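An overview of the molecular structure
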Amino acid sequence: VASEIRSFLTHNIRMGIHPQSLLEKRNMEKSDQLKIEEEKVQAVEEQTALEKSNVTFEHLFQVYLVHAKENKKSWADDEGRYLFNVKEFIGKRLAKDVTTYDLEKMKIVLKKRGKSAKTIHHSLSLVRTVFNKCLLWGEYAGENPAIKVQYPKIADNDRVRFLSFDEVKILLNELAKLPKVETHDLVLMAAFTGARYLEIASLKWADIDLESGYINFLNTKNGRSRTVFVPVTVQNMLSGRKPVSCSPDNLVFPTNQGTIRGEVPNSFPEIANRLFNQGISDRRQRVCFHTLRHSYISWLIMSGCDLVTAQKISGHETLIMLKRYSHLTGAHLQKAADRVAAAFDADCKDNVISFADRKTG
């Protein structure tokens, strides 16, 4: 072997090619081996990049959701926005194939369905965030199509319409005429707990104490659980809904397949529009399912409940978020002051000196 190596090196020297020494030969072999290893690493990286560029947006969202559940109080909001506003448009698409035009079309369709500018804005922001986070974490290799989307302007669109007790009775009576009780029961629950739709749809029997009349809402918007007392009417409705034998993990308002009821039943907007929304174009004045929550909080305030207590019951994260109800507090206080003044005037009118009878100077 040694003689073959000498012969090989001697031949190279005569021909003026390399390697021409044993050290040079070893260095060249080492360099060739390193090159092979680098090519292998590059091939693996290219394959990984190819795999990451061939994932669906659904996959990216699930990666994002795992992180959000650990680090974001409002992760349930993101999940709801994806399920109800995003998934049908781009969920099954390869992430690399999602275009800005796709998101513009999503925006148009959501607007036609009556989604608010705020809802559309949040949904587009979610798509942008999912892409950005997965790019940052190395879970996706591609472009972020949401960067170039034109976001809708958010106006002051807080709903100001709330229902009176009589209007809720009329609504419930109409819903009671339907073949199925689901919509009626959902409305009854929302009207007398002030809960958001997804909070109700996520309720499990383990969250309800029928004996004491308390409901624990765990899947809330701000991530903080809260307990609400419900009237006997709601307790009776829940008792009637509860199967003779059911698991504590069973949903209270499931679909026929036993899954979470993703959207408000169509029967609600149909009846609400007929009863309350005829000729009303201003969305702030139109009755929707969220109006029931707004109504409940308004009833609390008008009954004399202070804003701090109302905040605890409703689950608003800050008192600032209850600012739309402040005028109701003012009206309530004014009426209370008027009652006191009227009582005082009636009781003390003979003992109070009028301004006309006062001596001047």
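Attention in this report is confined to the structure presented alongside it. (Residues numbered from 1 in each chain as written. Predicted model: local features only at pLDDT ≥ 70, side-chain atom pairs only at ≥ 80, totals over all residues. Heavy atoms only, no water.)

A closer look at the pairing of strand 2 (residues 214-217)
Side-chain alternation along strand 2 places Ile-215 and Phe-217 on a buried face and Tyr-214 and Asn-216 on a face that remains uncovered. Of the pairings in the sheet, the one linking strand 1 (residues 208-209) to strand 2 comprises two bridges and is antiparallel in character. What sits directly across from Ile-208, in strand 2, is Ile-215. Taken together, the four bridges between strand 2 and strand 3 (residues 226-229) define a ladder with antiparallel strand orientation. By the bridge assignment, Asn-216 is partnered in strand 3 with Thr-227. (Buried < 20%, exposed > 50% of the residue type's maximum accessible area, 1.4 Å probe, protein only. Helix = DSSP H or I, 4+ residues; strand = E, 2+ residues; numbered from the N terminus. Pairing = 2+ DSSP bridges.)

Some points on the pattern of salt bridges
Summed over the entire model, instances satisfying the criterion amount to 13 salt bridges. Residues Asp-78 and Lys-72 are paired through a salt bridge, measuring 2.7 Å at the closest nitrogen-oxygen approach. Classification of Lys-72 as partly exposed rests on a relative accessible area of 33%. Note that Glu-199 is salt-bridged to Arg-226, the shortest N-O span being 2.7 Å. Separated by 27 residues along the polypeptide, Glu-199 in helix 9 (residues 197-201) and Arg-226 in strand 3 bring together distant segments of the chain. A single burial state applies to Glu-199 and to Arg-226, both of which are buried. (Salt bridge = Lys/Arg side-chain N within 4 Å of Asp/Glu carboxyl O.)

Some points on the side chain of Glu-167
By the element assignment, Glu-167 lies in helix 7 (residues 165-175). Side chain to side chain, Glu-167 and Arg-161 meet in a polar contact 3.0 Å long. From its side chain, Glu-167 meets the backbone nitrogen of Ser-164 in a polar contact 2.9 Å long. (Polar contact = N/O pair within 3.5 Å; in protein donor to acceptor, adjacent residues only side chain to side chain.)

Remarks on the environment of Leu-300
Tracing the chain through its elements places Leu-300 in helix 12 (residues 290-302). For the pair formed by Leu-300 and Ala-310, sequence separation is 10 residues and the distance between their alpha carbons is 6.7 Å.

Considering the environment of Arg-226
Residue classification places Arg-226 among the buried positions, given a relative accessible area of 7%. Between the C-alpha atom of Arg-226 and that of Ile-215, which follows or precedes it by 11 residues, the distance is 8.3 Å. Engagement of the side chain of Arg-226 in a polar contact is seen with the side chain of Glu-199, the distance being 2.7 Å.

Read these as spatial facts, not as claims about activity.
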